[in-house]
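# Survey of secondary and tertiary structure
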Amino acid sequence: MSFFNRLSQGLSKSRNSLAAMFPGQVKEKLSESEWQDIEDALIMADCGAPLAMALIAQAKKSKQPMQTLKDNMQQTLNINSPIHEAKPFVLLVAGVNGTGKTTTIGKLANMYAAQGKKVLIGAADTFRAAAVEQLAVWVERAGADIVKQAEGADPASVAFDTITRGIAKNYDVIIIDTAGRVQTDISLMNELAKVYRVIGKALDGAPHEVWHVVDGGTGQNAVVQVEKFREIIYTTGLIVTKLDGTGKGGVVLQLCDKFKLPVRYVGVGETLEDLMPFNPEAYVDSLLPQTTHTET
Ligand SMILES: Nc1nc2c(ncn2[C@@H]2O[C@H](COP(=O)(O)OP(=O)(O)OP(=O)(O)O)[C@@H](O)[C@H]2O)c(=O)[nH]1
Ligand SMILES: [Mg+2]
C-alpha cells in the first residue's frame, strides 16, 4: 500500500471532520463560516490555535485560498535537513514512555538490513528485563545484532559497549534504544544526558542523529516533550508513530513549525514494514478534504 493510502486511512479520523463538511470536490471559494469550520477542524486535529489561525488568514488573503493553505502547510512540514552520513552511523532514539521507540528501532533495523547494511542495536533500556527481550525479538526478526547487559545496568555503559563493539566489528549502523521517560523526571533526564555524553566519548562526533519518537495521538503535550528532550539530547529529527490510529495528526505541523525539526519517518502500524519516510505533500493531502490526488 502506498504512503498516501496508508496515511490517508490512518488519518481519516482527523480528516473526517473536514471531509464530512466538504463532501466531494473542494471549491476554491469558501464562505466565512466554511473557513471557520476548517480552522476549527485544524485546531481539533491539534495544529495549535495560533498556527491554524495564521494558516487560514494567509490562505484567505490569496487568490487561490485552498491551494495556498495546502502549499503553506506543506512548506511548514518540509524541513530540508539531510540525514548525517557516517560510518558507523550512530543513532540515539528517545522519547516518553510507550511512544513506540523499540518498535520503531525494530523497523529501522529491518530497513537498514534490507539495504545491505550491518546493523547493531544497543539495549540501553535496562529498566526492565522485558524491555531487552522485546528488543531482542525485533532485532532478530530484522536480521540485526544486539548488545545487552543485565537488568539494571547503567544505560550509558551499554551505549558505550555498543559503540565500541560496533567500531571494532565494522558495523554500518548503530542504534541505541533508551527507556521511556517523562520530561519532568529530572533524574531520568540526567541519565539520558549521560547516555548522550558517553556516546560522544565512545566515538567523536556521535551520535550523528538523535530521533525523538512522538506518538502522533499525543496532542498538544508533544510540544513540551520535544522542547524538553531537545535541551538534553540535541534532537535532530522526529519520528511520529501510530498515525494509523489517531485523530490528532495535526500536531506534526505544530512540531515542525515550532522546532524546525524534520520528520524522518512515520509509523503506521505494528509490523516491521509499517515505517515510511515522511512525505509532506501526501500528509497534507490526507489531513485536508480531498480534491484529487494522483500517485507518482
Ligand atoms: N498502531 C501502531 N502501534 C504502534 C506503532 N508503533 C508502536 N506501536 C505500539 O505501541 C506500543 C508501545 O511500543 P514500544 O515500541 O514498546 O514503545 P516504547 O517507546 O519502546 O515504550 P517504552 O520503552 O516502554 O517507553 C506497542 O504496543 C507497539 O506495538 C505504530 O506506528 N502504530
Ligand atoms: Mg521501549
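These remarks concern the structure in this document. Note that the structure is a prediction, hence the values are computed from the model and not measured.

What counts and what doesn't
- Residues numbered from 1 in each chain as written.
- Chains lettered and ligands numbered in written order.
- Predicted model: local features only at pLDDT ≥ 70, side-chain atom pairs only at ≥ 80, totals over all residues.
- Axes fitted to C-alpha atoms, helices over the stretch in contact; angles between N-to-C directions.
- Helix = DSSP H or I, 4+ residues; strand = E, 2+ residues; numbered from the N terminus.
- Parallel < 35°, antiparallel > 145°, perpendicular 65-115°, else oblique.
- Left-handed = near helix turned anticlockwise from the far one by under 90°.
- Contact = placed C-beta atoms within 7 Å.
- Nonpolar A, V, L, I, M, F, W, Y, C, P; charged D, E, K, R; others polar.
- Near = placed C-beta within 6 Å.

### Here's the deal with the packing of helix α5 (residues 65–77) against helix α12 (residues 280–287)
Packing of α5 against α12 brings their axes to within 9 Å, and their N-to-C directions diverge by 130 degrees. Between α5 and α12, the angle is such that the two are oblique. Crossing handedness for the pair α5 and α12: right-handed. Across the interface between the two elements, Lys70, Met73, Gln74 and Leu77 of α5 pack against Pro280, Glu281, Tyr283 and Val284 of α12. Across the contact of α5 with α12, the residue classes break down as 5 nonpolar, 1 polar and 2 charged.

### Looking at the environment of Glu140
Along the chain, the position of Glu140 falls in helix α7 (residues 129–142). Separated by 34 residues in sequence, Glu140 and Gly106 have C-alpha atoms that sit 8.8 Å apart.

### Focus on the site of ligand 1
Near ligand 1 lie 21 residues; those nearest to it are Gly100, Thr102, Thr103, Gly180 and Gly267. Sorting elements by how many residues they give to the shell around ligand 1 places helix α6 (residues 101–114) first, with 3 residues. Considered class by class, the residues forming the shell around ligand 1 number 3 nonpolar, 12 polar and 6 charged.

### As for unusual backbone geometry
Most peptide bonds take the trans configuration, and most residues that are not glycine carry a negative phi. In this chain, Lys87 is followed by Pro88 through a cis amide linkage whose omega measures -5 degrees. Checked against the element boundaries, Pro88 lands in the loop between α5 and β1 (89–94). That bond from Ala206 to Pro207 is cis: its omega, -5 degrees, falls within 30 degrees of zero. Even without glycine at this site, Tyr234 takes up a positive phi of about 55 degrees. Tracing the chain through its elements places Tyr234 in the loop between α10 (221–233) and β6 (237–241). If you check the backbone angles, Lys260 has positive phi at about 55 degrees while not being a glycine. By secondary structure assignment, the location of Lys260 is in the loop between α11 (251–259) and β7 (263–267).

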